[in-house]
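Residues per chain are reported as follows:
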Amino acid sequence: MSAHAASTNTGLSHAKLGTWAFLASEVMLFGGLISAYVILRSGSGHFFVPPRAMMGVPLATLNTFVLISSSVTMVLAIAAIQAGNVAKLKNYLLCTIGGGAIFLCIKAYEYNHKWHEGITISASLFGSFYYTLTGLHMFHVIGGMGLLGYIYWQASRGHFTAASHDRVECSGLYWHLVDLVWVLLFPILYLL
Amino acid sequence: MNEEPGFAMGIPPVAVSYGAQLDSLMTLLHVVMVAIFVIWGVYLAYCLWAYRARPGGRAVYHTAGERASFIPDALVLAFEVWLILAFGIPIWANLKQEVPPVGESLQIRLVAQQFAWNFQYAGPDGTFGRRDVALISASNAIGLDDKDPAAKDDVLSINNLHVPVGKPFTLLMTSKDVIHDFQVTNFRNKQDIVPGMTTTLWFEPNVIGKYEIGCAQLCGLGHTQMVGNVFVEEPADYEAWMKTQLELKLGTADASRVLEDARSQASAPGRAERTES
Amino acid sequence: MSDHGHAAPTGFWRKYIFSVDHKVIGIQYLITSFLFLLVGFSMMLLMRYQLAWPQPGADFDPENLGLVRGFIAWLFGETNMPYGYMDPTFYNQLGAMHGTIMIFLGVVPLGVAAFGNFVLPLQIGAEDMAFPRLNMASYWVYFVGSVVMMSSFLAPGGAAQSGWTSYAPLSVVAPPGQTIWLIAMVLIITSSLLGSINFIVTTLNMRAKGMTLGRLPVFCWVQLVTAVLLLLAFPVLEAGAVLQLLDRVAGTSFYIPKDMIYGDSVFPRAGGGSPLLWQHLFWFLAHPEVYVLLLPAMGIVTEIIATNTRKPIFGYKELVGSFVLIGALSFVVWAHHMFVSGMRTSIANLFVTTTMTISVPSVAVLSCLLLSLRGAQIRFNTPMLFALAFLPMFGIGGLTGLPLGYAPTDLYLHDTYYVIGHFHYVVAPGSLVALLGGTYYWFPKMFGRKMNEGLGKLHFTGTLIGMNLVFFPMFFQGMWGMQRRLADPTLQWHNLPVQGWSTVILAGALITAVAQIPFIFNFFWSIWSGEKAGENPWQATTLEWACPSPPPHGNFVTPPVVHRGPYEYSVPGRKADYWPQSDAA
């Protein structure tokens, strides 16, 4: 694939350029939603923010840490295949997928807890935004895990080498964006 | 009233103080637009005739003077900047950003709903009665709280707005359900009426007559039928109408007393202005 | 992702239905979007028929329409068209769906997806799009989205009926058809996003040797700008649509204010949301969307004019710069749709200014195209007639935007027929006329045969006269204050003095309809029996004319190399009056 990249006008492979374009649209999607949240939170006279204690900040901090760690293992996975080490790539991919899985488990616990404390999707604007933003993010995490699983399967079949591993890098870009979105959501939903 | 469908061109007669200025701007813009279009059109027609393909003819290769195309740009830009600075910003400020002070203008509350206009006059005491959504019912369209003393002399009028000529009035508008829009063509101004917020619109009608209110924002099945009338009247006629409304609501004796109270209040010094924000 | 190197597919399904070839996908888009234009146009015909004589028993209701009324009542059912007069709910459905279909299923797929898919890879000298399978997915997601959209007519309560703008809270309390509308929109948005990623990567990455950005035909430039607009603006509407969907199905109140009344009681929601939020999210997409409708048309007009004036286009750099500037500015003008919406009034002046600013590059584009005619040898073939008609028609559309973008006059004209006249002049006698020209222009490349010139000129004349009769009287009606979206304007007596124009509009609509018959016949007849076209029937310079007609799988027999700019016509010292980009000398 890298050989292919050399023949393009920009020097970037199609996949990589396409991924960047896709990420730009993702930024606009989350940007639109986050702007809506900011506008209503600051502008609506009926926006009630639940007390910090109800939000479970420690658990969310742990979750943030888990997701950032999974980004680190993703970087290591790419470094591994750049060195041509497929076994190491597979291990780090598993770590990354595992990070995503832990994130989802903690998230599920949190959802359950909050719902029973009365923060439901329809009870208040805050709840509506909380479930919409984190829910959409969660779908992105699930999608990313599926993608990485596919990459893992391809790695097992020997698709990637030190010279050709475009898809690993593109999946990595996507995973970092998912991570970045969470790093934005965490302070605006839990801390502010 | 014209019963036959016609083929009118132009703009309906103006009946509001700031209308003449808006109309002259409208005329100016259209004169400029037509002039630009005619210049383009003549040029285009000339080119189509003068540069039609001829046997053995050859087009000119070089396109010197590319800056020429910036001339129309510059002219248009200068014209637009002038429009904005000379008229746009001041007119906008006058029409939308400021409303006449409460003492000088009649305050009327408008509660729009599918598919009717509910006008609430503060009555002789100059104070609007309290509204409460919990009180809204088929017989109390705007949820006026009858226990509030200020509500006692409030006059409600459905779809018919009566105002005195030559005096500004301000509509304090809100909607019960979906978005509506208050439009009276002869008043040259309009404003969306949004549930959950209050928007304002002010006019100083200067021609006596009956004008039609239409809803200019799609509001559902009966959008077309959401019509009303503005009656611009001599101040004496307006006062008489107001008195009749009060008598209908309170009975003759109470109505006279309320009007009397208001008159003595108004002549008393240091009267505090009370209106709803 | 290197699946475009493989052999040409055989078998009907792989070749014509689930094809990954950009040319087949382009033609699929072309035919589907023309079908939807016909559907949307038919809806408009029915609405114009209603608006011409809207009221039973009115003095002016013609008595000899009995047969027509009976037939229409039978055809659409007594609930929708009782006694042949339109029920207001049905009118609102047709209004909302006409707009949605024309924009999202008709003009955008035609201008962007059909011509972009077919022409763009050929013009840059590529063998296919960058992601052929994504391209196929884009078409089929669009197709499924459009089927879902149409199916909403079968929903209880009918299709979406809150206008194509779907303003909340009306759209939140509307019947289930609105939910289907939102789901269909999410599918159509997804399709557009897939397409725009593909277009961007293809244009940036797959240009032939020597095809620098400065030698890129204008059509490719506008496709690139359009793709960026779609990529960045559509996700914001997607966000808005998701919020509206949740408001409808999950009990949230993003767009529902506190204590909203519906019927006679308080709407059971937490409230606190803002109806204006939807308008901001919607127009953030929908204004760039206007340029998505317009830019491809301008690109097509540029190509046709360059070819048929036999001279270089005037001010290539200025033209391209203007397109890029229009694209960038289109993101900061959205609130000029909202001067009277109740948004903070101090913001209006800002948006008046940005709106006036965007008129500058638009005027520059028109100036360049008009100045291109000087010193030309103009050939009046059918595509050129359409391209030339675009100039004054877009001129009217653009000029009438002036009093609408300027707040003091917009206060009066907002939401009147003047607005309808304005944007239809931009999109129908503007964009659509240019797209029809594009169809005549690239038809020989698509099918190897030319369309019939006589029928084409008939089509052109009828369409131009019909469309102007439809849209020009709208300015008179709007100036008189007739509001849009009224099922029966005669219920408001202030509209009566201009009601007569509605009969003229109906006549224009019927002329436009009849004028499409020669086009439809011409299209299908010419596929099999048109005059055979060689590689380069118009003696044009751009790369799509350097491959066989129709191009084979993989497009170019040998990979083309580009030696010069796109519009080298009538170069002094050369015998031929055109110098193709790929000619070595």
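Remember, predicted model here, so these are calculated numbers, not experimental data.

Attention now goes to the overall build of chain B. Secondary structure summary: chain B contains four helices and 10 strands in total. When the helices and strands of chain B are read in sequence order from the N terminus, they spell out α-α-β-β-β-β-β-β-β-β-β-β-α-α. Relative to the 2.2 N^0.38 estimate, which gives 19 Å for 277 residues, the radius of gyration of chain B is 26 Å and therefore markedly larger than a compact globule would have. Dimensions of chain B, computed from the C-alpha atoms along their principal axes, are close to 100 × 45 × 35 Å. When the 277 residues of chain B are sorted by exposure, 48% land in the buried category. In chain B, the 21 positive side-chain charges and the 30 negative ones have mean positions that sit 6 Å from each other.

Turning to the interface of chain C and chain A, a few remarks are in order. By convention, interface size is frequently given as the accessible area that disappears when the constituent parts associate. In this complex, chain C contributes 35 residues to the contact, which on the side of chain A involves 33 residues. In total, chain C and chain A occlude about 2,700 Å² of area from one another, counting both sides; carbon and sulfur atoms represent 73% of this. The interface formed by chain C and chain A includes zero salt bridges. On inspection of chain C and its partner chain A, the count reaches eight residue pairs in polar contact (both at pLDDT 80 or more). Counting only elements with at least two residues in the side of chain C that touches chain A, the list comes to helix H6 (177-205), helix H7 (218-249) and helix H8 (275-309) of chain C.

All right, on to the pattern of salt bridges then. Under the counting rule described, the total for this entry stands at 13 salt bridges over all chains. Ionic pairing is found between A:Lys107 and A:Glu110, a salt bridge with its closest N-O pair at 3.6 Å. Of the two residues, A:Lys107 and A:Glu110 are both situated in helix H5 (residues 86-117); the distance of three residues between them amounts to about one turn of the helix. Assessed through its relative accessible area of 1%, A:Lys107 is described here as buried. Note that B:Arg130 is salt-bridged to B:Asp145, the shortest N-O span being 2.9 Å. Within this pair, whereas B:Arg130 is found in the loop between strand E2 (116-121) and strand E3 (155-158), its partner B:Asp145 is found in the loop between E2 and E3, the two being separated by 15 residues in sequence. Given a relative accessible area of 11%, B:Asp145 falls into the buried group. Shared partners join several salt bridges into a network, and the residues in it are A:Lys107, A:Glu110 and A:Lys114.

The next thing to look at is the interface of chain C and chain B. Every contact between the two is made by 109 residues of chain C and, on the other side, 94 residues of chain B. The contact between chain C and chain B buries some 8,900 Å² in all, and 67% of this surface belongs to carbon and sulfur atoms. Taken together, the connections running from chain C to chain B amount to zero salt bridges. Seen at the junction of chain C and chain B, the total is 33 residue pairs in polar contact (both at pLDDT 80 or more).

This paragraph deals with the packing of aromatic side chains. Applying the stated criterion across every chain, the model contains 78 aromatic pairs over all chains. Relative to B:Tyr211, the ring of B:Phe187 has its centre 5.7 Å away and its plane inclined at 50 degrees; by these criteria the two rings are tilted. Of this pair, B:Phe187 sits in the loop between strand E6 (180-184) and strand E7 (189-193) while B:Tyr211 sits in strand E9 (residues 209-215), and the two are 24 residues apart along the sequence. Judged by relative accessible area, B:Phe187 falls into the buried class, the value being 0%. Taking the centre distance of 5.1 Å and the plane angle of 65 degrees together, the rings of C:Tyr441 and C:Trp442 count as edge-to-face. For the pair shown, C:Tyr441 and C:Trp442 are each scored as buried. A cation over a ring is seen here: C:Arg69 above C:Tyr85, with NZ or CZ 3.8 Å from the ring centre. Over the ring of C:Trp538 we find C:Lys450, and its NZ or CZ is 4.6 Å from the ring centre.

All names here are of chain B. As summarised here, the arrangement of the five strands in space is E3-E2-E1-E5-E8, forming an open sheet in which the pairing is mixed. Two strands close off the open sheet at either side, each with one partner strand: E3 and strand E8 (199-203). Going from strand to strand, the sheet's axes swing by 25 degrees on average, the running direction of each strand aside. Against the sheet, helix H3 (residues 235-250) touches strand E1 (106-113), E2 and E3, its axis set at about 100 degrees to E3.

This part covers the domain arrangement of chain B. Residue and element names in this part refer to chain B. For chain B, the domain assignment lists domain 1 (17-50), domain 2 (62-98) and domain 3 (103-267). On the side of domain 3, five residues touch domain 2, which itself brings four residues to the contact. Summed over both sides, the interface of domain 2 with domain 3 buries roughly 360 Å², with 34% coming from carbon and sulfur. The largest share of the area that domain 2 buries against domain 3 comes from Asn-94, Leu-95 and Lys-96, three residues that together contribute 93% of it. Between domain 2 and domain 3 we count zero salt bridges in total. The interface formed by domain 2 and domain 3 holds five residue pairs in polar contact (both at pLDDT 80 or more) in total. For the side of domain 2 that touches domain 3, the residue count by class is one nonpolar, one polar and two charged.

All names here are of chain A. Its 32 residues give H5 an end-to-end C-alpha distance of 46 Å, which sits within 8% of 46 Å, the value for a rise of 1.5 Å per residue. Where H5 starts, the residue carrying a side-chain oxygen 3.3 Å from the main-chain nitrogen of Ala-87 turns out to be Asn-85. At the exit of H5 stands Gly-118, carrying a positive phi of roughly 105 degrees.

Here the focus is the sheet that holds E7(B). All names here are of chain B. Reading across from one edge, E4-E10-E9-E6-E7 is the order of the five strands in this open sheet, with mixed pairing throughout. The open sheet terminates on both sides in strands that have one partner only, identified here as strand E4 (160-164) and E7. With strand direction ignored, the average angle separating the axes of adjacent strands in the sheet is 25 degrees. The pairing of E6 with E7 spans five bridges and is antiparallel. Looking at the pairing, His-180 lines up with Ile-193 of E7. Across the sheet, H3 lies against E4 and strand E10 (227-233), angled at about 135 degrees from E4, the strand it touches most.

Quick look at the pairing of E2(B) now. Residue and element names in this part refer to chain B. For E2, a buried count of six out of six residues is recorded, marking the element as mostly surrounded by other parts of the structure. Neither face of E2 is exposed, since Ala-116, Asn-118 and Gln-120 on one face and Trp-117, Phe-119 and Tyr-121 on the opposite face are all buried. Of the pairings in the sheet, the one linking E1 to E2 comprises six bridges and is antiparallel in character. Its bridge partner being in E2, Leu-110 is matched across the sheet by Phe-119. Pairing geometry for E2 and E3, over four bridges, is antiparallel. Note on E3: the bridge partner recorded for Gln-120 is Leu-156.

The rules we used
- Residues numbered from 1 in each chain as written.
- Chains lettered and ligands numbered in written order.
- Predicted model: local features only at pLDDT ≥ 70, side-chain atom pairs only at ≥ 80, totals over all residues.
- Heavy atoms only, no water.
- Helix = DSSP H or I, 4+ residues; strand = E, 2+ residues; numbered from the N terminus.
- Rg over C-alpha atoms; globule rule 2.2 N^0.38 Å.
- Buried < 20%, exposed > 50% of the residue type's maximum accessible area, 1.4 Å probe, protein only.
- Lys, Arg positive; Asp, Glu negative; His and termini not counted.
- Charge placed at Lys NZ, Arg CZ, Asp CG, Glu CD.
- Contact = heavy atoms within 4.5 Å.
- Buried area = accessible area lost by both parts, 1.4 Å probe.
- Salt bridge = Lys/Arg side-chain N within 4 Å of Asp/Glu carboxyl O.
- Polar contact = N/O pair within 3.5 Å; in protein donor to acceptor, adjacent residues only side chain to side chain.
- Phe/Tyr/Trp six-rings, centres within 6.5 Å; stacked < 30°, edge-to-face > 60°.
- Lys NZ or Arg CZ within 6 Å of the ring centre and 35° of its normal.
- Pairing = 2+ DSSP bridges.
- Axes fitted to C-alpha atoms, helices over the stretch in contact; angles between N-to-C directions.
- Domains from an automatic or database assignment.
- Nonpolar A, V, L, I, M, F, W, Y, C, P; charged D, E, K, R; others polar.
- Expected span 1.5 Å × (residues − 1).

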